[in-house]
Amino acid sequence: MMKALLTPQPRYAALTLRLALALMFLAHGATKLFVFTPSGTVGYFASLGLPAAFAYLAMIGEIGGGLLLLSGLYARWIALALIPLLAGTIVTVHGHNGWMFANAGGGWEYPAFLIAASLALFFLGDGRNAAAIKG
């Protein structure tokens with residue numbers, strides 16, 4: 001038992017990372033949907049000079065991407081596909097607020113970390129108990 005704990009377990013590492021990313025994306029998407037509401041989210045995106053469609057794409061991306069990561073279905077590719085969404089938050093919202101996420105308006109450290117975590121999942125693989133489709 002102790003030897004198993006001391007042996008690296010990349011499948012469990014990928015599983016842990018995948019589930020953490022899934023929950024983060026689901027939480028952010030659910031906040032936009034249920035707390036800010038779609039109309040409030042659209043209004044915020046409009047205040048940034050972004051089209052309303054981007055607000056809906058962000059909600060769909062975060063909730064849909066979170067659910068797909070949770071299932072493990074093509075998880076490494078989903079993680080990679082979500083990186084532009086995260087990069088967009090740095091460019092449009094957080095980048096001008098400085099590095100620290102505790103700064104007013106939230107800095108860009110957290111989305112940058114999530115980009116790194118998404119890349120790590122892409123390179124690690126889907127992880128244990130991921131849905132597999134053999135083609």
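So, a few notes on the structure that sits alongside this text. (Residues numbered from 1 in each chain as written. Predicted model: local features only at pLDDT ≥ 70, side-chain atom pairs only at ≥ 80, totals over all residues. Heavy atoms only, no water.)

## Description of the packing of aromatic side chains
- Going through the model one piece at a time under the given rule, you end up with 5 aromatic pairs.
- Here the aromatic rings of Tyr44 and Phe45 are separated by 6.4 Å at their centres, their planes lie at 80°, and the arrangement is edge-to-face.
- Classification of Tyr44 as partly exposed rests on a relative accessible area of 42%.
- Ring pairing ties together the aromatic residues Trp77, Phe122 and Phe123, which thus form one cluster.
- Lying over the aromatic face of Phe122, Arg76 brings its terminal NZ or CZ to 4.2 Å of the ring centre. (Phe/Tyr/Trp six-rings, centres within 6.5 Å; stacked < 30°, edge-to-face > 60°. Buried < 20%, exposed > 50% of the residue type's maximum accessible area, 1.4 Å probe, protein only. Lys NZ or Arg CZ within 6 Å of the ring centre and 35° of its normal.)

## Some points on the environment of Leu121
- Along the chain, the position of Leu121 falls in helix 6 (residues 109-124).
- On the accessibility criterion, Leu121 (0% relative accessible area) is buried.
- For the pair Leu121 and Ala79, spaced 42 residues apart in sequence, the C-alpha separation works out to 6.8 Å.
- Dropping the residues within four chain positions of it, Leu121 is found in contact with Ala14, Leu17, Arg18, Leu21, Leu69, Ala75, Arg76 and Ala79. (Helix = DSSP H or I, 4+ residues; strand = E, 2+ residues; numbered from the N terminus. Contact = heavy atoms within 4.5 Å.)

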